[in-house]
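As a plain string of letters, each chain reads:
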Amino acid sequence: MTSAFDETDAPVDETSTDEVSADETPDADGVDEAADATDSETSETDAVDADSAADEEAVDPLQEFRDRLWSQPGDWYVIHTYAGMEKRVQQNLENRKVALNAEDYIHEIVVPTEEVAEIKNGQRKLVRRTVLPGYVLVRMDLTDDSWGVVRHTPSVTGFVGNSHQPVPLSLSEVEKMLAPAVEAEAAAEATATAEPTQTPQAKVEFSDFAPGDSVLVIDGPFATLHATVTEINIDGQKVKGLVEIFGRETSVELPFDYIQKV
């Protein structure tokens, strides 16, 4: 006998399976958006970390020099040397402080220098010049022994000031003397990555002529005349000079290669 309710006749919910699948399956667009948001947050975090690292690495050389200067032991003294013997004195004193076991008292010997662009005989070249000719800076603890080591170094004529009780320089004075060399060194290191317009310019010295010099004009419309230099234009490679024309002094511009010193 057939049941009034046959299993084959039971109604089937055709949408139930599909609905469950649709509800439980993640939306692909939503997944992509979440991934993009995560990537964006990660990129921002990385950028912040990179900026922080760059800030930490970008140490101001001048400030670093100041911090080191003010934290170092000893005082700074100035010693007088024979002219042109500054570097020799520096080397001699470095050797003597080791040989005489004075390294605990004599900490540093410095000859302040600067880089100068020199123009001589029409040729431009960079040279390093002593900022204080005839003087050397020494950072030391002043004792009878350390005083003797310095004072009796060959080519040293004495301490500046009281010869037996010299007065040390203030740290502000030392900073003014040494900071330009620190800035120049930092600028030189930066030139490798700097744009051409950012290249630091060295101090320029011109040794061929000076205002007031008498020169002979050897070329151009004023050849054979004498002129008195009144102004020098290093960048333009010219001088302004007074030339006597018809009994009157007239100011003219003359290229460097048109004149020679007499």
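Everything quoted here is computed from the prediction, not taken from an experiment.

Rules and cut-offs
- Residue numbering note: each chain is counted from 1, following its sequence as written.
- Selection of residues for local features in this predicted model requires a pLDDT of at least 70, selection of side-chain atom pairs for listing and counting requires 80 or more, and totals for whole chains, interfaces and linings are taken over all residues.
- Only heavy atoms go into the side-chain values, all of them from the structure, while hydrogens and water stay out.
- Grid points spaced at 1 Å over the protein atoms alone were grouped into cavities, where a 1.4 Å probe fits but cannot get out, and pockets, open sets with protein on both sides within 12 Å along at least five of seven lines, with lining residues defined by an atom within 4 Å of a point.
- Grid points are joined across faces, edges and corners, and a volume is the space filled by probe spheres set on the points.
- In this text, helices come from DSSP runs of H or I with a minimum length of four residues, and strands from runs of E with a minimum of two, each type numbered from the N-terminal end.
- Residue polarity is assigned by list, with Asp, Glu, Lys and Arg as charged and Ala, Val, Leu, Ile, Met, Phe, Trp, Tyr, Cys and Pro as nonpolar; anything else, Gly included, falls into the polar class.
- In this description, a nonpolar core means a group of buried Ala, Val, Leu, Ile, Met, Phe, Trp, Tyr and Cys residues linked to one another through side-chain atoms lying within 4.5 Å.
- Buried, partly exposed and exposed residues are distinguished by accessible area as a fraction of the type maximum, computed with a 1.4 Å probe on protein chains only: under 20%, between the cut-offs, and over 50%, respectively.
- What makes two residues a contact is simply this: any of their non-hydrogen atoms within 4.5 Å.
- Here a polar contact means two N or O atoms within 3.5 Å. Within protein one must be a hydrogen donor candidate and the other an acceptor candidate, and residues neighboring in sequence count only if both atoms are side-chain atoms.

Trainee: Would you mind going over the layout of surface pockets with me for this structure?
Mentor: Rolled over the atoms, a probe as big as a water molecule pinpoints where empty space is left. Each pocket or cavity is described by its volume, and for the largest pocket that value is around 520 Å³. The wall of the largest pocket is formed by 23 residues, among which Arg68, Leu178, Ala181, Val182 and Glu185 lie closest to the centre. Among the elements of the structure, α3 (61–71), α4 (86–99), β2 (106–110) and α6 (171–190) are those that each provide at least two residues to the lining of the largest pocket. Considering each element in turn, the lining of the largest pocket owes the most residues, seven residues, to α6. Taken together, the residues of the lining of the largest pocket break down into 13 nonpolar, three polar and seven charged.

Trainee: Mind showing me how you'd approach the nonpolar core here?
Mentor: The tendency in soluble globular proteins is for nonpolar side chains to be buried as a group. By size, the foremost hydrophobic cluster in this structure holds 16 residues, and its most contacted members are Ile79, Leu93, Ile106 and Val138. Secondary-structure elements contributing two or more residues to this core are β1 (75–81), α4, β2, β5 (135–140), α5 (144–151) and β6 (156–159). Apart from the residues within four sequence positions on either side, Ile106 is in contact with Leu93, Lys97, Val138, Arg139, Met140, Ser146, Val149 and Val150. If you look at the next biggest cluster of nonpolar residues, it comprises 12 residues, including Phe65, Trp76, Leu137 and Val174.

Trainee: Got a minute to help me understand the side chain of Gln90 in this structure?
Mentor: Its location among the elements puts Gln90 in helix α4. Separated by 3.0 Å, the side chain of Gln90 and the backbone oxygen of Ile109 make a polar contact. Once you skip the residues sitting within four places of it in the chain, Gln90 turns out to touch Ile109, Val110 and Val111.

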